[in-house]
Amino acid sequence: MSSQPGGESRLDAELVEQAKSGNLSAFEELVTRHQRGLYNFLFRMTGEVAAAEELTQTALVRAWTGLSGFRQASSFKTWLYRIGANLAMNYRLRTRPAEELTESIPAPESRQPEVEYLRHRRERIVREALSKLPADQRLALVLSVYEGQSYKEIAAVMKRSVRAVDSLLFRAKQNLRRLLQPARDKGIV
């Protein structure tokens, strides 16, 4: 979801200026505005709750400590997501995805456990396929599909041209289709 022209980003810019002047409550407001979206983004990048929580906190600390160097050439959100994207890519290089031990999931309150099971199974298969994409393709796809960012916003986060983002997304979608084809052939996805 992109910000309204001048609205949300202008408020962010004002909060950034106040935070740069030492106003901690202004930075806390920025955290309140962007923490949930950053966490969701990092969860989609890592596929792990604990990693997403840790990387979110690390990104926010880095944003606070690096705020004086932020020149507002892009929006605060774009800058924050760039910090998060770098952390997520470094994390993915250091770790391998954990293997799940079972495909059974508890559904104590579900009235249709089979439907929940199939939904979770599809989500897991898509997450696994997403994790097999090259890091730059995964990042572009997550920002586009899950975060709803425009090509211009993605280009700013990734420090690439809009044309490069278009190419990355094209390749990412092709690769994801190829990776999901076996599950599609079985009628799972």
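See above for the structure.
Residues numbered from 1 in each chain as written. Predicted model: local features only at pLDDT ≥ 70, side-chain atom pairs only at ≥ 80, totals over all residues. Heavy atoms only, no water.

## Some remarks on the overall build of the chain
Note the threshold: Helix and strand definitions follow DSSP, with helices as H or I runs of at least four residues and strands as E runs of at least two, each counted in order from the N terminus. Exposure is judged per residue with a 1.4 Å probe applied to protein chains only, and the accessible area is read against the type maximum: over 50% gives exposed, under 20% gives buried, and values in between give partly exposed. Throughout, a contact is declared for two residues whenever any of their heavy atoms are within 4.5 Å.
Tallying secondary structure elements over the chain gives 8 helices and 0 strands in all. The order of α-helices and β-strands along the chain, N terminus first, is α-α-α-α-α-α-α-α. For the chain, with 189 residues in total, the buried portion stands at 35%. In the chain, the share of contacts with a sequence separation of at least 24, taken over all contacts with a separation of at least 6, comes to 60%.

## Structural notes on the packing of aromatic side chains
Ring pairs (aromatic) are described by centroid distance and by the angle formed between their planes. Basically, it comes down to this: Planes of paired rings set the category: under 30 degrees apart is stacked, over 60 is edge-to-face and the rest tilted, where pairs are Phe, Tyr or Trp rings (Trp by its six-membered ring) whose centres lie within 6.5 Å.
Evaluation of the coordinates by the stated rule reveals 6 aromatic pairs. Ring geometry for Tyr39 and Phe43: centres 6.4 Å apart, planes at 20°, overall stacked. Of this pair, Tyr39 and Phe43 both sit in helix H2 (residues 24-46), separated by 4 residues, roughly a single helical turn. Judged by relative accessible area, Tyr39 falls into the partly exposed class, the value being 22%.

## Overview of the nonpolar core
Quick note on the threshold: Among the buried residues, those of types Ala, Val, Leu, Ile, Met, Phe, Trp, Tyr and Cys that are joined through side-chain atoms within 4.5 Å form a nonpolar core.
Counting 49 residues, the largest nonpolar core has Phe27, Leu38, Phe41, Leu67, Phe76 and Leu143 as the members making the most contacts within it. Secondary-structure elements contributing two or more residues to this core are helix H1 (7-20), H2, helix H3 (49-66), helix H4 (76-94), helix H5 (113-131), helix H6 (135-146), helix H7 (151-158) and helix H8 (162-185). Counting residues per element, this core draws most heavily on H4, which supplies 9 residues. Ignoring any residue separated from it by four or fewer positions in sequence, one finds Leu38 in contact with Thr56, Ala59, Leu60, Leu80, Tyr81 and Gly84.

## Some words on the packing of H5 against H6
Two quantities define a packed helix pair, namely the angle between the helix axes and the distance between the axes. In plain terms, the rule: Only the stretch in contact is used when a helix axis is fitted, and all axes are lines through C-alpha atoms; the angle between N-to-C directions ranges over 0 to 180 degrees. Note that the term roughly parallel is reserved for angles under 35 degrees, roughly antiparallel for angles over 145, roughly perpendicular for angles of 65 to 115, and oblique for everything else. Any residue outside Ala, Val, Leu, Ile, Met, Phe, Trp, Tyr, Cys, Pro, Asp, Glu, Lys and Arg is labelled polar, Gly included; the first ten of those are nonpolar and the last four are charged.
One way to put it is that H5 packs onto H6 with a least axis distance of 10 Å and a crossing angle of 140°. In terms of orientation, H5 and H6 fall into the oblique class. Residue-level inspection shows Val126, Leu130 and Ser131 of H5 in contact with H6, the latter providing Arg138, Leu141, Val142 and Tyr146. Considered class by class, the residues forming the contact of H5 with H6 number 5 nonpolar, 1 polar and 1 charged.

## Topic: the pattern of salt bridges
The line we're drawing: The salt bridge criterion pairs a side-chain nitrogen of Lys or Arg with a carboxyl oxygen of Asp or Glu, the two atoms within 4 Å.
What the rule picks out here adds up to 5 salt bridges. The partner of Asp12 in a salt bridge is Arg33, with the nearest N and O atoms 2.7 Å apart. Taken together, the residues span a long stretch of sequence, with Asp12 in helix H1 and Arg33 in helix H2 at a distance of 21 residues. Across the salt bridge formed by Glu123 and Arg119, the nearest N and O atoms sit 2.6 Å from each other. One end of the pair, Glu123, and the other, Arg119, are both in helix H5, 4 residues apart, so they sit about a helical turn from each other.

## Here we look at the environment of Leu60
Summarising the element assignment, Leu60 is placed in helix H3. Relative accessible area serves as the criterion here: at 6%, Leu60 is assigned to the buried category. The contact partners of Leu60, leaving out residues within four places of it in the chain, are Phe27, Val31, Gln35, Leu38 and Leu80.

## A look at the environment of Val189
In this fold, Val189 is placed in the segment after H8. Exposure remark for Val189: the relative accessible area of 36% places this residue in the partly exposed category. Between the alpha carbons of Val189 and Arg121 there is a distance of 9.0 Å; along the sequence they are 68 residues apart. In this view, Val189 contacts Arg122, Ile125, Val126, Ala183 and Arg184; residues no more than four positions away in its chain are not counted.

## With respect to H8
The line we're drawing: Helix span, expected: 1.5 Å multiplied by one less than the number of residues in the helix. Fitting axes to the seven residues that end at a residue and to the seven that start at it, the angle between those axes gives the bend at that residue.
Here H8 contains 24 residues, and its C-alpha end-to-end distance of 34 Å stays within 8% of the 34 Å for a straight helix at 1.5 Å per residue. At Leu179, H8 shows its largest kink, close to 40°, and the proline Pro182 lies no more than four residues downstream. Residues Val165, Leu168, Leu169, Ala172, Asn175, Leu176, Leu180 and Ala183 constitute the buried set of H8. Buried residues belonging to H8 abut H5, H6 and H7. A positive backbone phi angle near 75° is found at Gly187, which sits one or two residues after H8.

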